Amino acid sequence: MLHLVPQEEIAEWVLSVAKIEAPVHMTVVTSRICEMAGIGRAGNRVRQAISEAAEIVVSQRQLQSQGDFLFPADGTLSLRNRESFEAQDKDFEWISNEELQIALLHQIRLGETLTKNSAARSVFRSLGFGRVTSAMDAVMETVLKQLRRKNIIAETGSGELILSGDETGECDVGAEG
């Protein structure tokens, strides 16, 4: 019956979840709202109602969206360690590339020596994942390309990843809306 709840109320729930968990994948938003409403599984109408509510919040500029992710309206991102998450809540595909970028930059700023081959292992472990798969490696390669293209990181002759350009280490990798 969640699909019968007024859109404005569902929009408030979307905003509440996003304020705590952003950047957050819509699958996670849907799951959290269903948990709050006591619904075991989201059917098509429920998913559609939550998606429409998210569009309302984005259109009101209370959140940004990019693909299947919702981001804070001000573009600030924070890292979340998922080590204590239940297995069903711990899918690496529910982590935005922007959060992965922030995690990679954080590891570099901590002084960790990273190469393109070690980046995925370091970043995903810092986010609470014990095992890194080839799919995670592929996602990290995309993240590395995005950061190189923005001239935020560079690779030294020895293959080490370093911050490039801005000596302060500050950069804008937030959601592009």
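All figures in this text were calculated on a predicted structure; none of them were measured in a lab. Each chain has its residues counted from 1, following the order in which its sequence is written. Restriction of local features to residues with pLDDT of at least 70 applies here, the model being predicted, together with a cutoff of 80 or more for giving and counting side-chain atom pairs; totals for whole chains, interfaces and linings are based on all residues. Excluded from the side-chain calculation are hydrogens and water; included are all heavy atoms of the structure.

Draft legend 1. Spotlight on the packing of helix 1 (residues 7–21) against helix 2 (residues 26–37). Helix 2 packs onto helix 1 with a crossing angle of 115° between their chain directions and a minimal axis gap of 10 Å. Read as a crossing pair, helix 1 and helix 2 show a hand that is right-handed. From helix 1, Ile-10, Trp-13, Val-14, Val-17 and Glu-21 reach across to helix 2, where they touch Val-28, Val-29, Arg-32, Ile-33 and Met-36. When residues are sorted by character, Ala, Val, Leu, Ile, Met, Phe, Trp, Tyr, Cys and Pro go into the nonpolar class, Asp, Glu, Lys and Arg into the charged class, and all the rest, Gly among them, into the polar class. Here the contact of helix 1 with helix 2 is built from residues that sort into 8 nonpolar, no polar and 2 charged. Axis definition: a line fitted to C-alpha atoms, limited for helices to the stretch in contact. Angles are taken between N-to-C directions and run from 0 to 180 degrees. Helix and strand definitions follow DSSP, with helices as H or I runs of at least four residues and strands as E runs of at least two, each counted in order from the N terminus. Two helices cross in a left-handed way if the nearer one is turned anticlockwise from the farther one by less than a right angle. They cross in a right-handed way if the turn is clockwise. We call two residues contacting when some pair of their heavy atoms lies within 4.5 Å.

Draft legend 2. Quick peek at empty space enclosed by the protein. A pocket, in this scheme, is an open set of points on a 1 Å grid over the protein atoms alone with protein on both sides within 12 Å along at least 5 of 7 lines, while a cavity is a set where a 1.4 Å probe fits but cannot get out; residues line either one if an atom lies within 4 Å of a point. Grid points are joined across faces, edges and corners, and a volume is the space filled by probe spheres set on the points. In the structure shown here, the tally under the stated rule is 1 cavity of 30 Å³ or more. Taken together, 14 residues form the lining of the largest cavity, with Val-28, Arg-80, Arg-82, Asp-89 and Trp-94 sitting closest to its centre. Counting only elements with at least two residues in the lining of the largest cavity, the list comes to strand 1 (24–25) and helix 2. Residue classes in the lining of the largest cavity are distributed as 6 nonpolar, 1 polar and 7 charged.

Draft legend 3. Quick peek at the environment of Asp-68. Inspection of the secondary structure puts Asp-68 in the loop between strand 2 (63–66) and strand 3 (69–72). Relative accessibility decides the category of a residue: with a 1.4 Å probe and only protein chains considered, values under 20% of the type maximum give buried, values over 50% give exposed, and everything between is partly exposed. Its relative accessible area of 47% is what places Asp-68 among the partly exposed residues. Between the alpha carbons of Asp-68 and Met-136 there is a distance of 18 Å; along the sequence they are 68 residues apart.

Draft legend 4. Looking closely at the environment of Leu-127. Here Leu-127 shows up in the loop between helix 5 (119–126) and helix 6 (134–149). Counting along the chain gives 48 residues from Leu-127 to Leu-79, while the straight-line C-alpha distance between them is 7.4 Å. Every residue in contact with Leu-127, bar those within four places of it in the chain, is listed here: Leu-79, Arg-80, Asn-81, Arg-82, Glu-83, Ile-95, Glu-99, Leu-100 and Ala-103.

Purely spatial values, then, with no claim about function.
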